Amino acid sequence: MRTFRFYILCGLIMLGLMPAVAQDNGVPEHPDENFVRAYVLVADPGEEIYSALGHACLRLVCPSYEMDYVFSYEGEDVPHQLAQFFAGKLKMGVRGVPTEEYMAQYKPEGREVHQYELLLPIHVKQRLWMLMDQHMEEDDVPYDYVERGCAVSTLQWIIDAADPDRLQFGEWPSAMQRTRAEMGCDSVQNPWMRHILCTFTSGVAGDTDLQPYEKVLAPRMLPQILARATYNGQTLMADADSIKASLPTNFDDGWTPTLSPLKVAAKCLPTPPTLWAVALLLLALIGWWRKQLLWSLPTLIVGTLMTLFVTYLMFFSSLPNNEWNWLILVFNPLPILLWKWRNKWGKAYFIYTCTWAVVMLFWPHFVLCPAHLILGIGWALCFWNKKK
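Small disclaimer: the values here were computed from a predicted structure and weren't measured. (Residues numbered from 1 in each chain as written. Predicted model: local features only at pLDDT ≥ 70, side-chain atom pairs only at ≥ 80, totals over all residues. Heavy atoms only, no water.)

## A closer look at the overall build of the protein
Filter applied, for reference: Secondary structure elements are taken from DSSP: a helix is a run of H or I of four residues or more, a strand is a run of E of two residues or more, and numbering for both begins at the N terminus. Each residue gets one of three labels from its accessible area relative to the maximum for its type: buried under 20%, exposed over 50%, partly exposed in between, using a 1.4 Å probe on protein chains only. Using a 1.4 Å probe, the Shrake-Rupley method yields the accessible areas, and only the shown protein chains count as cover for residues.
Across its full length, the protein carries 14 helices and 11 strands. Looking at the protein as a whole, 48% of its 388 residues qualify as buried. In the structure as shown, the protein presents an accessible area of about 19,400 Å², 58% of it carried by carbon and sulfur atoms.

This is the structure we're talking about:
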């Protein structure tokens, strides 16, 4: 019923504009510039893997009809379908929800949402609302956190609604010269979430030959980009002193946060992953020196789990952007399958892994997480039987 009423009101808005002057694009222009107000909302990063970058979306308000909606690319419930997420089976689509309903999800986590008003002409804001209405009618698509991420989608919606010869972007931030994988992983604050993202954010996320506006993976970059942009020679976004707004969060809808396995792990393992990797490397070194596999067993188990995860992502998962992963050069099933003959190749494999780690340190645009390299060396050491 709410969705039906939403579309009816959208139709009433457009009918109410008929007496106005028509634009070249066919959208009638309302005489009141504030008939529709448009904002970009940027939410602070969360503690889950799917919210580690934060979130970006559009807020469109029509005071005359008391309409206040947030339009956002939303995926299916990730916390309860983590296996489906990594399998690439989840769907996503554009959703329109009342602003207060949207804000309710951030209250339990204490996350702030910052609001940036877009100083666009009224006919562009009307067109933007029409485009979002059209996107809501489209079928859901496979979950793609890179090609259809919230930040790049929000920026693309603004570009699509604007007159192309009037929207001008200023100098792009220097960070835009990097890949989407680099910008995304650098934006994650939690070291464990960053480690997880570095594990599976690969494939086309490492491409460099893209337009700058196609690389906006991190929502926090949107204000930097829009602050440098102009529309018809005028500033596109409100001044810095007036862009943050206190949105309504003073109500309780009974929603409670979920605890996913990744979130629990991040809370139970507060030590940065690099230190854990060093500890595992030391255990592998003790096991190698004493020729006792029991010492190396923790490293061998963790390395095997990493191998299974990376192999699954590359060869079995349909999660986008996993066409290639440099980690597969070390974390692959071959050493396990050849365990029986490790005396013949263990030393060579260890040298090969050390070489790989050094090359990765200097490989351009490789999303480096030291824990991967250290764990890789410890994992390889488990297969080298030192002679007495």
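## Quick look at unusual backbone geometry
Its identity as a non-glycine residue notwithstanding, E66 has a phi of 55°, on the positive side. By the secondary structure assignment, E66 is in the loop between β4 (55–62) and β5 (67–75). Here N232, not a glycine, exhibits a phi torsion of approximately 55°, which is positive. With respect to the element layout, N232 can be found in the loop between β10 (230–231) and β11 (234–235).

## Remarks on the packing of aromatic side chains
Put simply, the test is: Put simply, two rings from Phe, Tyr or Trp (the six-membered ring, in Trp's case) pair if the centres are within 6.5 Å, and we call them stacked under 30 degrees between planes, edge-to-face over 60, tilted for the rest. In this scheme, the term charge over a ring applies when either NZ of a lysine or CZ of an arginine sits within 6 Å of the ring centre and within 35 degrees of the ring normal.
Under the criterion given, the structure shown has 16 aromatic pairs. Note on Y349 and F383: the rings are 5.9 Å apart at their centroids and 85° apart in plane angle, and the pair reads as edge-to-face. Residue Y349 is located in helix α13 (residues 342–362), and its partner F383 is located in the segment after α14 (370–381); the two are separated by 34 residues in the primary sequence. In this structure F383 comes out as buried when scored by relative accessible area, which is 0%. Aromatic pair F350 and W384: ring centres 5.4 Å apart, planes at 40°, arrangement tilted. You can see F350 sitting in helix α13 and its partner W384 sitting in the segment after α14, a full 34 residues away along the chain. Each of the two residues, F350 as well as W384, counts as buried. Above the face of the Y39 ring, R59 is positioned so that its terminal group lies 5.3 Å from the ring centre.

## Digging into the pairing of strand β6 (residues 91–98)
Just so we agree on the cut-off: We call two strands paired when DSSP finds no fewer than two bridges between them.
Across 7 bridges, the pairing between β5 and β6 is antiparallel. Counterpart to Y69 in the pairing with β6 is P98. Relative to strand β8 (residues 141–142), β6 runs antiparallel, the two being bridged by 2 bridges. Opposite K91, over in β8, you have P142 as the bridge partner.

## Notes on a nonpolar patch on the surface
In plain terms, the rule: What makes a patch is a set of residues exposed beyond 30% relative accessible area and free of salt bridges, joined within 9 Å when like-charged and within 5 Å when nonpolar (Val, Leu, Ile, Met, Phe, Trp, Tyr). In what follows, salt bridge is the name for a side-chain nitrogen of Lys or Arg lying within 4 Å of a carboxyl oxygen of Asp or Glu.
A cluster of nonpolar residues, L294, L297, I301, L305 and L308, forms a patch on the protein surface that exposes about 510 Å² of accessible area. Tracing the backbone shows I301 in helix α11 (residues 293–315).

## Section: the side chain of R111
To be explicit about the condition: Polar contact is the term for a pair of N or O atoms within 3.5 Å; when the atoms are in protein, one must be able to donate a hydrogen and the other to accept it, and sequence-neighboring residues count only if both atoms are side-chain atoms. What makes two residues a contact is simply this: any of their non-hydrogen atoms within 4.5 Å.
Looking at where R111 falls in the secondary structure, it is placed in the loop between α3 (99–104) and β7 (113–118). On the basis of relative accessible area, R111 is assigned to the buried category, the value being 13%. At 2.7 Å, the side chain of R111 and the backbone oxygen of D44 are in polar contact. If we skip the residues at most four places from it in the chain, R111 touches A43, D44, P45, G46, S51, G54, H55 and Y106.

## Observations regarding the pattern of salt bridges
Scanning the entire structure with this criterion turns up 5 salt bridges. Residues E117 and R37 are paired through a salt bridge, measuring 2.8 Å at the closest nitrogen-oxygen approach. Residue E117 is located in strand β7, and its partner R37 is located in strand β3 (residues 37–43); the two are separated by 80 residues in the primary sequence. Looking at R37, the relative accessible area reads 28%, which means it is partly exposed. A salt bridge links R59 to D68; the shortest N-O distance between them is 2.6 Å.

## Here we look at the sheet that holds strand β9 (residues 167–168)
If you walk across this open sheet you meet the 3 strands as β9-β10-β11, and the pairing is antiparallel. On the outer flanks of this sheet lie β9 and β11, each paired with one strand and no other. In terms of strand pairing, β9 meets β10 through 2 bridges, oriented antiparallel. Opposite L167, over in β10, you have Y231 as the bridge partner.

## Side note on the packing of α11 against α14
What counts, and what does not: Note on method: axes are straight lines fitted to C-alpha atoms, helices fitted across the in-contact stretch only, with angles between N-to-C directions ranging 0 to 180 degrees. For classification purposes, angles smaller than 35 degrees are called roughly parallel, those larger than 145 roughly antiparallel, those between 65 and 115 roughly perpendicular, and all remaining angles oblique. Should the near helix be turned anticlockwise from the far one by less than a right angle, the crossing is termed left-handed; should it be turned clockwise, right-handed.
Remark: α11 packs on α14, axes separated minimally by 9 Å, with the N-to-C direction vectors making an angle of 120°. With respect to their mutual orientation, α11 and α14 come out oblique. For the crossing formed where α11 meets α14, the hand is left-handed. Here T299, L300, V302, G303, T304, M306 and T307 of α11 lie close against α14, whose contacting residues are H372, L375, G378 and W379.

## Overview of helix α7 (residues 191–200)
With 8 of 10 residues buried, α7 lies mostly within the body of the structure. Turning to α7, its buried residues are W192, M193, H195, I196, L197, C198, T199 and F200. Where α7 begins, the side chain of N190 points an oxygen toward the backbone nitrogen of W192, at a separation of 2.8 Å.

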